[in-house]
Each structure stands twice: as structure tokens, then as C-alpha cells.
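Architecture and fold: a report
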Amino acid sequence: MPAKVGFVSLGCPKALVDSEQILSRLRAAGYSFAGGYEEADVVVVNTCGFINPAIEESLETIGEALGAGGKVVVTGCLGARPEVIRERYPQVIDVSGPAEIERVLAAVAKVAPPERDPFLDLVPPAVKLTPRHYAYLKVAEGCDHSCSFCIIPQLRGRLVSRDAADVLAEAARLTAGGTRELLLIAQDTSAYGADIGHRESEWAGKRIPARLTELVRELGGLARWVRLHYVYPYPHVRELLPLMAAGKLLPYLDVPLQHASPRLLRAMRRPGGAESHLRTISEWRAQVPELAIRSSFIVGFPGETEEDFELLLEFLAEARLDRVGVFTFSPVAGAAASELPGQVPEEVKLERQARVMELARRISLEKNRRRVGQVLDVILDEPADEPGVFIGRSYADSPGIDGTVRVQSDGTARVGEIVRVRVTGADVYDLEGETVSS
């Protein structure tokens, strides 16, 4: 019997892509996968190390795997800080950083040597951790920014972009296998190609530069939906707006603005402020009125005053963003902001978080109610608990972080299809509707 590997993937979609690559290589090497710790010969934990709660979750997961009698290999972002893991769990087999696939394979093989399968040697199968109809497509690794609250460049290194032809080849394989939605990710997707001078590569008889606009234009010819995540509000982002109007790119942008106070943003080493944010959003919406904007914010950053916080609330009330996430500041070892004076008490952070979310929920409900009566394209993610009913998403909803649409179908719809839906009801985050003929 082939050795069985247990696998736990923690953290963001970028880590999920790393997990898919590791699992694909393990399967190609002849391993099978365990459904639980107890039946595994070895367990791989792909960790997150972005903020303290994520670090604790990673450490607890490692402890659970060890406690079940497992032999444990640790990789991922927290693995870039091996002393944190070794201090608590010196008995783990190996600790490696993100994307160190060869080292993970070697560590697994040391404990549970693979059994070669000649058929797998000929056709190594890929492993996807998302449903067949959507997939995350990582265009770059690492980050060149030096945000004071973040240690991602320390964990994942500087920006390293893939050639456009490499990205497009992967996208072609995914869409040929039934993927209808591609979600482009990187630490800063809008910086794609800057590190390699936007060099060209050969794809389908054309020279395609490693530049986001040109890449998206080509991807739009492969997948029905293309969605962008982690986009900084650079001036060149406006080049993407015509692609939205042409149907090559979903009118959806995930833009982590982080705050609205210019003073705090300078301390965060982030650009902009309320005025520039509003000006940029207004320009985008003037060209693409239906544009859905998601953003995330930090409250309780060191030195944040009530005046700073009120400016954030005023900005959110005027910007009326479609999707808002808010996090309390979490000091992380190695992040410059952790050493700043003016640390905000935890109870103040939580109170401010609650006030932001109350405002965000009110705006979200108002926007959702305005969609009642509209007809939207909805991708069906999974069947619901009633016959003929599905849970899906509109263009304004990314999987796992945004809302959903509960769809009453005509009985012919299938998971993974994109159908036309008339919206009949709305709550704070989710919609409901029924399919209509095209």
C-alpha cells in the first residue's frame, strides 16, 4: 500500500495554491492522502504567520497533529521563522518556508518513502483544493513593499513574477478542465511584472508582456470570469476599466486601503488618504458604474486617535464600498509597527472594529436591497439543502469572503454553471433569486 500523507492548509489563497502544488507533487510521487491524523504515516502542515492569531492557529494545528501520534513536517509562512516552531515543538521532522516544495518532498520521503507507480510517472495528476469551476491563479510571489505592520517580505521574499506565457499555460490547462472563473492573486497583483521589466514571452504565436493589462486581456479569452485580488490603487489600474466594460474582466476590485487618515497611512508606509482614495474611487465608478469594490482596514494601529478613527468612518460613509473587512491591529514580531509608541488598548480596538462593521453592514444592506428586481449572472458553487436550490455568487462576490446568492433553479442547472438570476430578496450580505431564461 502507498504511504498516506495527511495535509492541513492554513492561511490565504496564496498558501492554498502552494498546497495544491505540494499535493500534486506528492500524488505524482506515489503517495495517497489520509482523511485524518490517525491514518496518516506523516502529516504536512502548511502554516500561516501573518498575524498573531494566525501564528497561534498554526502552532495549535501542529500540536494537534503531533498529539495524534503523527510525524509532522511543517512548511509555509510561519516555517520561515523555524525558531518559533522548534521552541514549542522540537520533535517536528522538518521546518521549511513558503514554496519550498522540494524540501517538503524530501522530508516526507525520509519518514515514508514513496512507492513508485509507473502509470503516475507517465501522467502525474494535479490536485485542486477548490471546486472544479473556479481556481486561484498566482501570478507572482513575494512583495517589494515595506508596510510597517507586515512581515510578508521577510516570510516570502521580494517580488518574483512569472512570465505571462507560464501563467497563460496554467490558465489554459485549468479552463480545459472545466474552470470557468480564474481568481488572480499575488501579494500585490497590480505590481505584476515590474521586477522582470515586463519582459515578453511567447504564447499562442504572440509576444505577451508580463504586464497586468495585457495578461488579463489574454485570460479573458480563456475563462468566462476573471477576478482580481490584492490590487493597489496605482494609476495604471485605470487601464483595466475598459476590459471590464468589454467583458474580459469582472467589474470587481479587491483593494486593501487599510485606513483613511493620511497621518496613519504614512506611519503604515502606505500611500494615500481619504481625499485621494475618494478621488480614485470616483474616477473608477465614472467609467464602470457597476464596479464592486472590496477593501480591508486596520483599526487600533499605534497612535490612532479618535480623530483618525472618525476620519475613517466619514470616508466609509462617503465611499460606500461594497465589501468591507476590518481587523484590529495585531503586533507581530519583526514588524516595525509593533515597536511604535501609542499602542491602543485592546478594548478600544474592539469597540472601533464594531463601529466600522455596524456602518459597513448598514451600507451593505442598502446596496443589496437595491439589487432586488435586477437580473445578474450567478456562478453556482454548490447545491443547497433543498432540491433544485443552489448556493452561488454574483460578479460582486468572491468565494469564501463575500456574500452568496441562494438560487431557485428551473431544475436544469448544474454546479459550476453560470446562470441568469432575477434577485427576489436581500439581507445584509446575501441575496436570493430565481433563474430566468437567457
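Scroll up to find the structure.
Calculation notes
- Along each chain, residue indices are assigned from 1 in the same order as the chain's sequence is written.
- Residues qualify for local features only when their pLDDT is at least 70, as the model is predicted, and side-chain atom pairs are given and counted only at 80 or more; totals for whole chains, interfaces and linings, by contrast, use all residues.
- Just so you know, side-chain values use all the structure's heavy atoms and leave hydrogens and water out.
- Throughout, nonpolar core names a set of buried Ala, Val, Leu, Ile, Met, Phe, Trp, Tyr and Cys residues whose side chains join them through atoms within 4.5 Å.
- When a residue's accessible area, from a 1.4 Å probe over protein chains only, is under 20% of the maximum for its type it is buried; when over 50% it is exposed; and in between it is partly exposed.
- A run of H or I in DSSP counts as a helix once it spans at least four residues, and a run of E counts as a strand once it spans at least two, with each numbered from the N terminus.
- Should any heavy atoms of two residues lie within 4.5 Å, those residues are considered in contact.
- The angle between two axes is taken between their N-to-C directions and runs from 0 to 180 degrees, where each axis is a line fitted to C-alpha atoms and a helix contributes only its stretch in contact.
- Note on angle classes: values under 35 degrees are labelled roughly parallel, values over 145 roughly antiparallel, values of 65 to 115 roughly perpendicular, and the remainder oblique.
- Under the convention adopted here, Pro, Cys and the residues Ala, Val, Leu, Ile, Met, Phe, Trp and Tyr are nonpolar, Asp, Glu, Lys and Arg are charged, and Gly plus all remaining residues are polar.
- The salt bridge criterion pairs a side-chain nitrogen of Lys or Arg with a carboxyl oxygen of Asp or Glu, the two atoms within 4 Å.
- Two strands are said to pair when DSSP picks up at least two bridges between them.

1. A look at the nonpolar core
- Membership of the largest hydrophobic core comes to 59 residues, with the highest contact counts inside it found for Leu184 and Phe315.
- The element contributing the most residues to this core is helix H12 (residues 306–319), with six residues.
- Once residues lying within four places of it in the same chain are set aside, the contact partners of Leu184 are Leu137, Val139, Thr189, Leu212, Leu215, Val216, Leu219, Val226, Arg227, Leu228 and His229.

2. Side note on unusual backbone geometry
- One non-glycine residue with positive phi stands out, namely His198, at about 50°.
- Structurally, His198 is set in the loop between strand S9 (181–185) and strand S10 (200–203).

3. Some thoughts on the packing of H12 against helix H13 (residues 346–370)
- Between H12 and H13, the shortest axis-to-axis distance is 10 Å and the interhelical angle comes to 10°. Taken together, the axes of H12 and H13 are roughly parallel relative to one another. Where H12 approaches H13, its residues Glu306, Phe309, Glu310, Leu312, Leu313, Leu316 and Ala317 are matched on the opposing element by Arg352, Arg355, Val356, Leu359 and Ile363.
- Considered class by class, the residues forming the contact of H12 with H13 number eight nonpolar, no polar and four charged.

4. Looking at the pattern of salt bridges
- Evaluation of the coordinates by the stated rule reveals 35 salt bridges.
- Between Arg199 and Asp163 there is a salt bridge, with the nearest N and O atoms lying 2.7 Å from each other. Of this pair, Arg199 sits in the loop between S9 and S10 while Asp163 is found in the loop between strand S8 (160–161) and helix H7 (164–176), placing the two residues 36 residues apart along the sequence.
- Its relative accessible area of 23% is what places Asp163 among the partly exposed residues.
- Asp322 is paired through a salt bridge with Arg285; the nearest N and O atoms lie 3.9 Å apart. Separated by 37 residues along the polypeptide, Asp322 in the loop between H12 and strand S15 (323–328) and Arg285 in helix H11 (residues 274–287) bring together distant segments of the chain.
- You can call Asp322 buried: its relative accessible area is 11%.
- Residue classification places Arg285 among the partly exposed positions, given a relative accessible area of 22%.
- Where salt bridges share partners, they join Glu304, Glu306, Glu310, Glu351, Arg352 and Arg355 into one cluster.

5. Some thoughts on the sheet that holds strand S4 (residues 72–76)
- In space, the five strands of this open sheet follow the order S2-S1-S3-S4-S5, with parallel pairing throughout. Edge strands, defined here as strands with exactly one partner in the open sheet, are strand S2 (32–33) and strand S5 (94–95).
- Pairing geometry for strand S1 (residues 4–9) and S2, over two bridges, is parallel. Counterpart to Val5 in the pairing with S2 is Phe33.
- Packing of helix H1 (residues 13–28) onto the sheet brings it into contact with S1, S2, strand S3 (42–47) and S4, and relative to S1 it is tilted by some 175°.
- In this fold helix H2 (residues 52–67) packs onto S1, S3 and S4, with an angle of close to 175° to the strand it touches most, S3.

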